[in-house]
Amino acid sequence: MDEARKRSWAEVDLAHLEYNYHALRGLLAPGVRFMGLVKADAYGHGAVPVARKLEQLGAEYLAVACLDEAEELRGAGIRTPILILGYTPVECAPRLLEGGIAQLVYDAETALALSKAAQDGGGTLTCHIALDTGMSRLGFSCHDRDVEASAEAVAALAQLSGLKLEGVCTHFANADGDAVYSELQIDRFSRMLKALEKRGVTFSIRHCTASAATLNCGCVHFDMVRPGILLYGHHPDPSTEGTLTVKPVMEWKARVASVKELPKGACVSYGCTHTLRRDSVVAVVTAGYADGVFRTLSNQMEVLVRGKRVRQLGRVCMDMFMVDVTDVPDVQAGDVVTLFGRDGEEYLPIEQMAEQVGTIPYEIMCALSPRVKRVYRG
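It should be emphasised that the depicted structure is a prediction, and the values quoted were computed from it without experimental measurement.

Now for the pattern of salt bridges. Here the structure, examined in full by the defined rule, presents 26 salt bridges. Note that Arg 377 is salt-bridged to Asp 13, the shortest N-O span being 3.3 Å. Note that Arg 377 is positioned in strand β20 (residues 373–377) and Asp 13 in strand β1 (residues 8–13), a separation of 364 residues in sequence. A salt bridge links Glu 60 to Arg 25; the shortest N-O distance between them is 2.7 Å. A residue pair is termed long-range when its members are at least 10 positions apart, and Glu 60 in the loop between α3 (47–57) and β3 (61–64) and Arg 25 in helix α1 (residues 14–25) qualify at 35 residues. Look at the salt bridges and you will find they share partners, linking Asp 2, Arg 5, Glu 11, Asp 13, Glu 251, Lys 253 and Arg 377 into a network.

See the structure below:
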């Protein structure tokens, strides 16, 4: 048995990643760059193998959330430009310079401190300016009352030594649900760019479209797009399905540890929340909430065993859960169990698990723990 497949593992199909990359590239006008989102361990898929594949495919930029993620890629030999989309302590500026890593700048105080640190280190730090057009998260405010003051602040930053203002960006709050609000954000972004142009400030890379906006807001691809969830084969919202065909990159597997016959009336798992309504064959599966199986899935999840859908029974445990395999012949210890993905002709989408939890596929993928080994193919 493959060591990585002995208990619980995620199969990551890099050929599907390549398919999705080219499908997304097909939406772009010539010259529009592609930023691959590999933050959060590439949405649980494994940052280094995914980044290496995107580099081979020709992605012009990669994006991470923090310095540790960027340095992991640099340590693995990834040379593609990297942008940190989140907070980096100013005292870490020398590490940004050493790694040739670009930093998102979202307030004047941080920019001033980074400028000084870069000058002290004898280098120039590449930055992208974040504009807050309606997400109310990071960035210089683009509300009507703040446009002029924000433009003045950014223009002042453009004069600082030690900083290279390469890019400017914003982020849509509801690109898959509210076209009117997205139009408002586009208008705010465009007005701020014009206000900066009047002050002699321009940028070589303007970017604002994540997955949903890449599909729904083609008029504002500008110089670069930054798809995330679509790259990994899932739509950001059911409303965008049908607009682009993508292939799921990840499947989650585990093993049957034990199979036993239990009588009608037997209780299953902690708290005795499930009582068997018939004489049953119950299998124990080698994954639990320490692996990323949400405990809220208890008594409602389905998995695939020998190509058949079976129901989970009782509370999910830390390392195991139980399923009813009464109607699946000849289940044995060691059989593969599919938590989401394909088994023969049957397919179990991650979206079903996410809906049962009351969350989104992003969270399910990111929640897979490190002990769920990633196995790569393609």
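After presenting the structure, the write-up continues.
Further remarks concern the side chain of Lys 253. On the secondary structure map, Lys 253 appears in strand β11 (residues 250–262). Each residue touching Lys 253, except ones within four places of it in the same chain, is listed here: Arg 7, Ser 8, Trp 9, Glu 11, Val 336, Val 337, Thr 338, Leu 339 and Arg 342.

Among the nonpolar cores identified, the biggest contains 113 residues, and Val 38, Leu 54, Leu 73, Ile 129, Phe 321 and Leu 339 are the most heavily contacted of them. Once residues lying within four places of it in the same chain are set aside, the contact partners of Leu 339 are Trp 252, Lys 253, Ala 254, Ala 287, Val 293, Glu 302, Val 303, Phe 321, Leu 348 and Met 353. Core analysis: the second largest hydrophobic core is formed by eight residues, Ala 266, Leu 276, Val 282 and Cys 317 among them.

The backbone of Phe 222 sits at a positive phi, close to 50°, despite the residue not being glycine. Tracing the chain through its elements places Phe 222 in the loop between α9 (211–216) and β10 (224–225). A relative accessible area of 22% places Phe 222 in the partly exposed class. Backbone geometry at Arg 306 places phi at a positive 50°, although glycine is not the residue there. Here Arg 306 is to be found in the loop between β15 (302–305) and β16 (308–313).

Next up on the list: the packing of helix α7 (residues 147–157) against helix α8 (residues 179–198). Contact geometry of α7 with α8 gives a least axis separation of 9 Å together with a crossing angle of 50°. In terms of axis orientation, α7 runs oblique to α8. Between α7 and α8 lies a crossing whose hand is right-handed. From α7, Val 147, Ser 150, Ala 151, Val 154 and Ala 155 reach across to α8, where they touch Met 192, Ala 195 and Leu 196. Residue composition of the contact of α7 with α8, grouped by class: seven nonpolar, one polar and no charged.

What counts and how
- Residues numbered from 1 in each chain as written.
- Predicted model: local features only at pLDDT ≥ 70, side-chain atom pairs only at ≥ 80, totals over all residues.
- Heavy atoms only, no water.
- Salt bridge = Lys/Arg side-chain N within 4 Å of Asp/Glu carboxyl O.
- Helix = DSSP H or I, 4+ residues; strand = E, 2+ residues; numbered from the N terminus.
- Contact = heavy atoms within 4.5 Å.
- Core = buried A, V, L, I, M, F, W, Y, C linked by side-chain atoms within 4.5 Å.
- Buried < 20%, exposed > 50% of the residue type's maximum accessible area, 1.4 Å probe, protein only.
- Axes fitted to C-alpha atoms, helices over the stretch in contact; angles between N-to-C directions.
- Parallel < 35°, antiparallel > 145°, perpendicular 65-115°, else oblique.
- Left-handed = near helix turned anticlockwise from the far one by under 90°.
- Nonpolar A, V, L, I, M, F, W, Y, C, P; charged D, E, K, R; others polar.

By themselves, these observations are geometric and do not establish any function.
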